[in-house]
Amino acid sequence: MLFVRAAAAALAMLWLTAAAWLSAALALAPLAFRRAPLGRRVSPMPPREARVIPFQPRRQALTR
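Per chain, residue numbering runs from 1 following the sequence as it is written. Where totals are concerned, whole chains, interfaces and linings use all residues; where local detail is concerned, this predicted model gives features only for residues with pLDDT of at least 70, and gives and counts side-chain atom pairs only at 80 or more. Heavy atoms throughout the structure, all of them, feed into the side-chain values; hydrogens and water do not.

A.B. asks: Quick question: what am I supposed to make of the overall build of the chain here?
C.D. replies: Helix and strand definitions here come from DSSP, where helices need a minimum of 4 consecutive H or I residues and strands a minimum of 2 consecutive E residues; each element is numbered from the N-terminal end. In terms of helices and strands, the chain carries 1 helix and 0 strands. Buried positions account for 0% of the 64 residues belonging to the chain. All accessible-area figures derive from a Shrake-Rupley calculation using a 1.4 Å probe, and residue coverage is judged against the displayed protein chains alone. Element-wise, carbon and sulfur atoms account for 67% of the exposed surface of the chain, whose accessible area totals about 7,800 Å². For every residue, the accessible area (1.4 Å probe, protein chains only) is compared with the maximum for its type, and the residue is labelled buried under 20%, exposed over 50%, or partly exposed between those bounds.

This is how it looks when you write it as structure tokens:
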């Protein structure tokens, strides 16, 4: 009986794995058949310039 339960569990895992692969392939299928966009080409944005933010001057500790 234990062998039958193990075989059933293995078949269930195989079925669920196949269903997951099939659904993932169906979800990604539109990306494979999509054509390249037509029209103007998008130029990359220039990188932003780095800004240097100066530290505030150190304050001296008060004496007691």
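A.B. asks: Would you explain a nonpolar patch on the surface in this entry?
C.D. replies: Taken together, the side chains of Met1, Phe3 and Val4 define a hydrophobic patch exposed on the protein surface, amounting to about 430 Å² of accessible area. Its relative accessible area of 69% is what places Phe3 among the exposed residues. For patch detection, residues must exceed 30% relative accessible area and be free of salt bridges, and they are connected within 9 Å for like charges or within 5 Å for nonpolar side chains (Val, Leu, Ile, Met, Phe, Trp, Tyr). A pair is scored as a salt bridge if a Lys or Arg side-chain nitrogen falls within 4 Å of a carboxyl oxygen belonging to Asp or Glu.

A.B. asks: I tried to follow helix H1 (residues 2-33) on my own but got confused; where do I start?
C.D. replies: Each turn of an α-helix holds 3.6 residues, which means side chains three or four residues apart point in the same direction. Expected helix span is given by 1.5 Å per residue-to-residue step, counting one fewer step than there are residues. In a regular helix each residue adds 1.5 Å, so 32 residues correspond to 46 Å; H1 covers 47 Å between its end C-alpha atoms and thus fits that length. Bend, at a single residue, is the angle you get between axes fitted to the 7 residues ending at that residue and the 7 residues starting at it. Maximum bend of H1: about 35°, positioned at Ala27, with proline Pro30 one to four residues after it. The element H1 is largely exposed, with a buried count of 0 among its 32 residues.

In short, the description is geometric, and any link to function would need to be established separately.
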